[in-house]
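# Analysis of the macromolecular model
Here is how the chains run, residue by residue.
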Amino acid sequence: ETRPVKNSEVSPWARGYPSLVPGGPRWDLETLQPWSLLFVDPVSFDFRVKGRRQHALIACDLVTGGVRALSLKAKAEAGKRFGDLVTMESLNKREHKVTVVTDGCGAMHGLVREEALQRGIDHLPIPPYSPHLNVVEGYIGQFKADVAAVLLSACHPSGPITEEFVTYVMSYVAYTAERFTRTRA
């Protein structure tokens, strides 16, 4: 049973924040627009390039399953790189509400939150000790494995690429992940 929404000033797409069906799913994905609900988190790769670990900012759109990967030199530039994502995807110019969801780590809750609010994007923090609510956390393990698999298949001791090409590989993995169909339960 759904709650009545007649004579409501709330637009139909905004009714999915959170779902209006009691006992239903957390988000009503059928009413949300593409890139209206995205989860952002940093990822650190296990190998080192030129003595430093490689980092990236991963953004996952819950509605479409779209993935964007932006390289980071340090986690301190997470806010700036999120701003680049907002500009690339025109998230602050869309006609629908856009919400970014982050966990409580310093780079996400501080830097990304600040950049989102400055650009007119809503921010929803994930409560502490609730990793099951962070959609991108579950994707990061798969993403790291996919990047490693592509690197291992293309890297040879005398081959054309090494781990230094991780930024290109993660862009390729994000690009191909968006091209496969997804099903939702």
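Residues numbered from 1 in each chain as written. Predicted model: local features only at pLDDT ≥ 70, side-chain atom pairs only at ≥ 80, totals over all residues. Heavy atoms only, no water.

## Thoughts on the overall build of the protein chain
- Secondary structure summary: the protein chain contains four helices and five strands in total.
- The order of helices and strands in the protein chain, counted from the N terminus, is β-β-β-α-β-α-β-α-α.
- The buried share of the protein chain, reckoned over its 185 residues, is 41%.
- In the protein chain, once contacts between residues fewer than 6 apart in sequence are set aside, the share between residues at least 24 apart is 52%. (Helix = DSSP H or I, 4+ residues; strand = E, 2+ residues; numbered from the N terminus. Buried < 20%, exposed > 50% of the residue type's maximum accessible area, 1.4 Å probe, protein only. Contact = heavy atoms within 4.5 Å.)

## Quick word on the pairing of strand 2 (residues 52-61)
- Burial runs high along strand 2: eight of the 10 residues are buried.
- With antiparallel pairing between neighbouring strands as the criterion, strand 1 (residues 37-49) and strand 2 make up a hairpin whose turn holds two residues, including lysine 50 at a positive phi of roughly 55 degrees.
- Relative to strand 3 (residues 67-72), strand 2 runs antiparallel, the two sharing six bridges. Its bridge partner lying in strand 3, isoleucine 58 is registered against alanine 69.
- In this structure, the hairpin formed by strand 2 and strand 3 is closed by a connection of five residues, where glycine 65 is found at a positive phi of approximately 80 degrees. (Pairing = 2+ DSSP bridges.)

## Focus: the packing of aromatic side chains
- On inspection of all chains with the given rule, the structure shows three aromatic pairs.
- Relative to phenylalanine 143, the ring of phenylalanine 45 has its centre 6.4 Å away and its plane inclined at 45 degrees; by these criteria the two rings are tilted. Residue phenylalanine 45 is located in strand 1, and its partner phenylalanine 143 is located in helix 3 (residues 135-154); the two are separated by 98 residues in the primary sequence. This pair shows no difference in class: phenylalanine 45 is buried, exactly as phenylalanine 143 is. (Phe/Tyr/Trp six-rings, centres within 6.5 Å; stacked < 30°, edge-to-face > 60°.)

## Describing the pattern of salt bridges
- Within this structure, the stated rule accounts for six salt bridges.
- One salt bridge in this structure joins glutamate 89 and arginine 94, with 3.9 Å as the shortest N-O distance.
- A relative accessible area of 27% means that arginine 94 is categorised as partly exposed.
- The shortest N-O distance in the salt bridge between lysine 97 and aspartate 122 comes to 4.0 Å. A residue pair is termed long-range when its members are at least 10 positions apart, and lysine 97 in the loop between helix 1 (78-89) and strand 4 (99-102) and aspartate 122 in strand 5 (residues 122-125) qualify at 25 residues. (Salt bridge = Lys/Arg side-chain N within 4 Å of Asp/Glu carboxyl O.)

## Digging into the sheet that holds strand 4
- Spatial strand order, 3-2-1-4-5: five strands in an open sheet with mixed pairing. The open sheet has two edge strands with one neighbour each: strand 3 and strand 5. Averaged over all pairs of adjacent strands, the angle between their axes in this sheet comes to 30 degrees, without regard to strand direction.
- Here helix 4 (residues 166-177) sits on the sheet and contacts strand 1, strand 2 and strand 3; the angle it forms with strand 3, its principal contact strand, is near 170 degrees. (Axes fitted to C-alpha atoms, helices over the stretch in contact; angles between N-to-C directions.)

## Examining the nonpolar core
- Within the largest apolar cluster, 29 residues are counted, with the highest numbers of intra-cluster contacts made by Phe45, Ile58, Phe143 and Val147.
- Not counting the four nearest positions on each side in its chain, phenylalanine 143 is found in contact with Phe45, Ile58, Ala69, Met170, Val173 and Ala174.
- Listed in part, the 19 residues of the second largest apolar core include Trp35, Leu57, Leu70 and Val112. (Core = buried A, V, L, I, M, F, W, Y, C linked by side-chain atoms within 4.5 Å.)

## Digging into the environment of asparagine 92
- Turning to its location among the elements, asparagine 92 is positioned in the loop between helix 1 and strand 4.
- We classify asparagine 92 as partly exposed; its relative accessible area is 32%.
- The spatial distance from the C-alpha of asparagine 92 to the C-alpha of alanine 116 is 8.8 Å, given a sequence separation of 24 residues.
- Residues contacting asparagine 92, with those up to four places away along its chain left out, are Val86, Arg119 and Ile121.

## Quick word on helix 1
- For helix 1, with 12 residues, the first-to-last C-alpha span of 16 Å sits near the 16 Å given by 1.5 Å per residue.
- Within helix 1, burial applies to Ala78, Gly79, Arg81, Phe82, Gly83, Leu85, Val86 and Glu89.
- Looking at the buried side of helix 1, the elements it contacts are strand 1, strand 2, strand 3, strand 4 and helix 2 (106-118).
- Positioned one or two residues after helix 1, serine 90 has a phi angle of 55 degrees, which is positive. (Expected span 1.5 Å × (residues − 1).)

Keep in mind these numbers describe shape, not what the thing actually does.
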